[in-house]
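Single-letter residue listing:
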Amino acid sequence: MTPMTIDIVQFRYAADNLGYLVYCDGSAMAVDGGAVDAMLDFIAGQDLQLKIVANTHDHPDHTPGNQALLRRTDAVHLTYRQLIRDKAVRLGGQEIGILETPGHTMDSLCFHAGKYLITGDTLFNGTVGNCFSGDTRAFYNSLKRLMALPADTIIYAGHDYVRESIAIARGIEPENPAFDSYLAAYDSSHVQSTLGEELAVNPYLRFNAEPMVRMLRHKGLRVDTEFERFSSTFGLG
Ligand SMILES: [Fe+2]
């Protein structure tokens, strides 16, 4: 018997927040389920059962749907501690990997479901999150971990900041030819990109790209180690 594939659907709420339902073989997990009614409508329409409610991190714009989803379904809430202890979630016979990606906050997680990566406020389409934890090295290590995933990994982020992020990226790297096709593919009703596309446009993942390193050096910024290049790049925006 061939294993059931993992599907994912994106829900927009509160202007630019993005939440997700991951589902497989009739079972669903909500990640940052702020769009409660739309999610429950989808679950009913697809004859799914919501089993799990989870979050990419504990910021209040990512958790507002938790209580309503738990009240209106039989789902259980998996906490940060449970998720990092188990390192994976089983859903409809498939495994969803839990990646610890501290930096934006120390409790930031990414969910790796098949070819999909739900990145919360760690990695956005076109930019990265603020380092609210203050631990720039942890953030760097987290981004390095994501950058090592396959280039066709689809990035599903916690906010749609695409237009403003690409405007900033253009300011940092005016000669980068990749922005036009990236923006041409942008669809506010389904915000996504591949990791390969991010490596081409997202300035905060481009600290090893030759044009970026040249520009940093030209500005007199530190470029000797990879972490210095990351820190120099991170300071640009
Ligand atoms: Fe956040």
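Criteria and thresholds
Residues numbered from 1 in each chain as written. Predicted model: local features only at pLDDT ≥ 70, side-chain atom pairs only at ≥ 80, totals over all residues. Core = buried A, V, L, I, M, F, W, Y, C linked by C-beta atoms within 7 Å. Buried ≥ 20, exposed ≤ 12 C-beta atoms within 10 Å, placed from the backbone. Domains from an automatic or database assignment. Contact = placed C-beta atoms within 7 Å. Axes fitted to C-alpha atoms, helices over the stretch in contact; angles between N-to-C directions. Helix = DSSP H or I, 4+ residues; strand = E, 2+ residues; numbered from the N terminus. Parallel < 35°, antiparallel > 145°, perpendicular 65-115°, else oblique. Nonpolar A, V, L, I, M, F, W, Y, C, P; charged D, E, K, R; others polar. Pairing = 2+ DSSP bridges. Right-handed = clockwise from strand over helix to strand, strands pointing away. Arc of directions from axis to C-beta.

Chemist: Could you clarify how one ought to interpret the nonpolar core in this entry?
Modeler: In summary, soluble globular proteins display a tendency toward joint burial of nonpolar side chains. The biggest cluster of nonpolar side chains holds 62 residues, and the ones touching the most others in it are Val-22, Ala-28, Met-29 and Ala-30. Formed jointly, this core draws a minimum of three residues from each of two domains, domain 1 (7-206) and domain 2 (207-237). Sequence-distant contacts of Met-29, defined by excluding residues within four places in its chain, comprise Val-22, Lys-51, Ile-52, Ala-54, Val-89 and Leu-91.

Chemist: What is the right way to read the packing of helix H4 (residues 136-147) against helix H9 (residues 226-234) from this model?
Modeler: Packed helices, taken two at a time, are described by their axes: the angle between them and the distance between them. Running from N to C, H4 and H9 cross one another at 105°; their axes reach a closest spacing of 11 Å. When the axis of H4 is compared with that of H9, the two are roughly perpendicular. Contacts between H4 and H9 involve Thr-136, Arg-137 and Tyr-140 from the former and Phe-227, Phe-230, Ser-231 and Phe-234 from the latter. Considering only residue class, the contact of H4 with H9 consists of four nonpolar, two polar and one charged.

Chemist: Would you explain the sheet that holds strand S3 (residues 27-31) in this entry?
Modeler: Hydrogen bonds between backbone groups are what pair the strands of a sheet, and the pairing can be parallel or antiparallel. The strand order across the open sheet formed by five strands is S1-S2-S3-S4-S5, and the pairing between neighbours is mixed. Only two strands of the sheet have a single neighbouring strand rather than two, namely strand S1 (7-13) and strand S5 (76-77). As defined by bridge partners, strand S2 (residues 17-24) adjoins S3 across five bridges and the pair is classed as antiparallel. Residue Tyr-23 lies in a different strand from S3, and its bridge partner there is Ala-28. Here helix H1 (residues 36-45) sits on the sheet in contact with S1, S2, S3 and strand S4 (49-54), set at roughly 150° to S1.

Chemist: Mind showing me how you'd approach the domain arrangement of the protein here?
Modeler: Reports often express the size of an interface as the amount of accessible area lost when the parts come together. In terms of domains, the protein is made up of domain 1 (7-206) and domain 2 (207-237). For domain 1 versus domain 2, the separation of C-alpha centres amounts to 27 Å. Contact residues are listed per partner, giving 11 residues for domain 1 and 12 residues for domain 2. Mapped onto the side of domain 1 that touches domain 2, the elements with two or more residues apiece are H4 and helix H5 (162-172). The dominant element in the side of domain 1 that touches domain 2, judged by the number of residues it contributes, is H4, at three residues. Per-class residue counts for the side of domain 1 that touches domain 2 are five nonpolar, two polar and four charged.

Chemist: Hey, could you run me through the pairing of strand S10 (residues 154-157) in this one?
Modeler: Each regular strand carries side chains that alternate between the two faces of the sheet. With four bridges connecting them, strand S9 (residues 116-120) and S10 associate as parallel partners. The partner of Gly-120 across the bridge, within S10, is Ala-157. Remark: the S9/H4/S10 crossover connection has right-handed handedness. Bridging between S10 and strand S11 (residues 193-194) involves two bridges; their strand directions are antiparallel. Within S11, the residue paired with Ile-154 across the bridge is Thr-194.

Chemist: I keep staring at the sheet that holds S10 and nothing clicks. Help me out?
Modeler: If you walk across this open sheet you meet the six strands as S6-S7-S8-S9-S10-S11, and the pairing is mixed. Every other strand in the sheet has two partners, leaving strand S6 (88-91) and S11 as the edge strands with one partner each.

Chemist: Help me understand the environment of Ala-167, please; the structure alone is not making it clear to me.
Modeler: Mapped onto the fold, Ala-167 is located in helix H5. C-beta crowding within 10 Å serves as the criterion here: with 12 such atoms nearby, Ala-167 is assigned to the exposed category. When the C-alpha atoms of Ala-167 and Phe-179 are compared, they prove to be 9.1 Å apart, with 12 residues separating the residues in sequence.

Chemist: Teacher, can you tell me more about helix H8 (residues 210-218) here?
Modeler: Residue pairs spaced three or four apart in an α-helix point in one direction, given the helix's 3.6 residues per turn. Within H8, burial applies to Met-212, Met-215 and Leu-216. Here the buried residues of H8 occupy an arc of 100° about the axis, which is enough to place them on one side. Facing away from the buried surface of H8 by more than 90 degrees, the exposed residues are Glu-210, Pro-211, Arg-214 and His-218. Tucked inside the fold, the buried residues of H8 contact H9. Of the residues trailing H8, Gly-220 is marked for its positive phi of about 80°.

Chemist: I tried to follow H1 on my own but got confused; where do I start?
Modeler: Considered for burial, the residues of H1 that qualify are Val-36, Met-39, Leu-40 and Ile-43. Buried residues in H1, looked at end-on, bunch into an arc of 95°, giving them a common side. For H1, exposure combined with an orientation more than 90 degrees from the buried face picks out Asp-37, Asp-41 and Gly-45. Against S1, S2, S3, S4 and helix H2 (66-72) lie the buried residues of H1.

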